[in-house]
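Report on the structure
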Amino acid sequence: MAEPAPPVPADHLLGVYNRAPLAFERGEGARLYTASGEAYLDCLAGIATTGLGHAHPKLVEALKTQGEKLWHVSNIFRIPDQERLAGRLCAETFADVVFFTNSGTEAVECALKMARKYHWARGEADRIEVIGFDGAFHGRSYAAVYAAGNPAYVEGFGPPLPGYRTLKFGDHEALKAAIGPTTAAVILEPVQGEGGARALPESCLTALRQLTREHGVLLILDEIQSGLGRTGRLFAHEWAHDAAPDIMCVAKALGGGFPVGACLATSEAASGMGVGAHGSTYGGNPLAMAVGLAAVEELTRPETLEHVRRLSGLFSQSLAALQSRFPDIIEEVRGKGLLIGLKLIPSNRAFMAAARDQHLLIAGGGDNCVRLLPPLIMSEDEAREAIARLEATCEAMRAEAAA
Ligand SMILES: *Cc1c(COP(=O)(O)O)cnc(C)c1O
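The paragraphs below set out a description of the structure included in this document. Worth saying up front: this structure is predicted, and the values here are computed from it rather than measured. (Residues numbered from 1 in each chain as written. Predicted model: local features only at pLDDT ≥ 70, side-chain atom pairs only at ≥ 80, totals over all residues. Heavy atoms only, no water.)

Now for the site of the ligand. Taken together, Ser103, Gly104, Thr105, Phe137, His138, Gly139, Glu189, Asp222, Ile224, Gln225 and Lys252 are the residues near the ligand. For the ligand, the protein covers 82% of the area, taking 380 Å² as the surface of the free molecule. Grouping the amino acids of the shell around the ligand by side-chain chemistry returns two nonpolar, six polar and three charged. (Near = heavy atom within 4 Å. Areas by Shrake-Rupley, 256 points an atom, 1.4 Å probe, with all protein chains shown as cover. Nonpolar A, V, L, I, M, F, W, Y, C, P; charged D, E, K, R; others polar.)

Given below as structure tokens:
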């Protein structure tokens with residue numbers, strides 16, 4: 001069903017997005033509503049960002065309460081909630097220290113600077129090389145696009161940033177050959193998101209961690225999409241044995257839709273970052289921290305993670321059944337937890353539009369995938385409804401191919 005065009009003309013916006021012809025006015029849990037009151041089932045959650053669904057009462061309460069007290073003071077003062085949230089994140093992870101940002105890209109930027117500075121401060125100024133993997137996505141800053149190496153995202157932006165290399169995702173031998181005395185860091189997503197929900201096998205992550213350790217190379221995990229409960233553990237690398245990184249980037253679900261990111265590190269990895277080495281005007285301001293604290297409180301509850309694992313079992317069973325009924329549409333079901341990819345035979349963009357016709361919202365992805373990224377709090381009934389709407393989407397795609 002076509003939605004009327006939004007009343008505000010879009011032609012003054014920089015044309016960097018291929019937007020769906022759809023606008024929403026409000027949301028609640030796993031539902032989004034247009035201005036005319038039409039409901040859509042949200043299986044993309046702002047790209048794994050509204051992990052707790054829309055208008056979660058605890059997050060709304062945190063934002064309102066803080067909004068009436070204090071918005072912003074600058075990092076030249078102590079911000080007690082920042083200290084609290086950092087303490088909370090460190091208690092839940094390998095990390096000792098946290099730097100707060102406003103986005104995922106900025107968390108990646110901090111991680112990359114931190115890695116080089118670590119070696120520099122130890123007298124190894126030549127250790128500048130950062131190794132990333134194909135299919136990765138780390139955001140849109142200069143450093144982030146080179147860390148991911150996606151040619152489409154670096155093209156036309158001038159001479160390449162020195163010191164970045166891209167290897168094949170999951171190719172341990174290539175990494176073994178490439179890693180050496182000039183390598184500063186290896187950066188990867190334990191489960192690639194934008195690349196099309198590609199999970200690195202757990203044993204590979206363990207081996208990669210071992211290899212970086214042997215060479216004195218820092219491991220940066222980008223858990224911006226895979227982290228904070230998305231895979232059924234608080235962080236995706238926790239599924240693998242002994243795979244804790246030196247530095248980890250977090251964002252998206254951390255603010256549940258409020259812009260906030262974080263770069264977490266061991267005190268060793270962060271040891272080069274003294275006073276003046278980095279900073280941010282907004283990063284970690286009181287509004288963001290109030291929401292972040294409330295979100296982390298909910299995301300770390302054992303019941304939240306148990307629910308994700310149950311939901312993930314339900315999705316993986318139903319999607320396997322769907323794939324065997326529609327092998328002409330779905331080539332492969334992949335991913336981990338609720339970071340689910342369907343590799344398609346027809347075009348993913350056509351499939352996303354057909355799903356929208358069924359009032360189901362899903363995300364695109366590389367490798368001709370669509371991603372299902374439901375809010376972690378989606379009910380089992382809503383999950384079954386999502387599957388039914390996907391089934392109707394597959395039927396429609398099949399009918400169209402036959403016509
Ligand atoms: C979304 C994402 C980013 C970039 O985050 P922004 O908030 O858009 O800057 C980086 N890495 C991964 C894995 C992501 O999914």
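There's plenty left to go through after this.
A word on helix H8 (residues 202-214). Compared with the 18 Å implied by 1.5 Å per residue over 13 residues, the 19 Å span of H8 between its first and last C-alpha is a close match. Among the residues making up H8, those that are buried are Leu205, Leu208, Arg209, Leu211 and Thr212. Projected onto a plane normal to the axis of H8, the buried residues spread over an arc of 165° and lie on a single side. Exposed side of H8, more than 90 degrees from the buried face: Ser203 and Glu214 are the residues found there. Immediately downstream of H8, the backbone of Gly216 shows phi near 65°, a positive value. (Helix = DSSP H or I, 4+ residues; strand = E, 2+ residues; numbered from the N terminus. Expected span 1.5 Å × (residues − 1). Buried < 20%, exposed > 50% of the residue type's maximum accessible area, 1.4 Å probe, protein only. Arc of directions from axis to C-beta.)

Turning to the packing of aromatic side chains, a few remarks are in order. Summed over all chains, the structure comprises three aromatic pairs. Look at Phe24 and Tyr40: their rings are 5.5 Å apart centre to centre, the planes differ by 75°, and that puts the pair in the edge-to-face class. Of the two residues, Phe24 is situated in the segment before strand E1 (26-28) and Tyr40 in strand E3 (residues 39-42); the sequence distance between them amounts to 16 residues. In this structure Phe24 comes out as partly exposed when scored by relative accessible area, which is 33%. Ring geometry for Phe133 and Phe169: centres 6.5 Å apart, planes at 70°, overall edge-to-face. Of this pair, Phe133 sits in strand E5 (residues 129-133) while Phe169 sits in the loop between strand E6 (164-167) and helix H7 (172-178), placing them 36 residues apart in sequence. As far as the burial class goes, Phe133 and Phe169 line up, both buried. (Phe/Tyr/Trp six-rings, centres within 6.5 Å; stacked < 30°, edge-to-face > 60°.)

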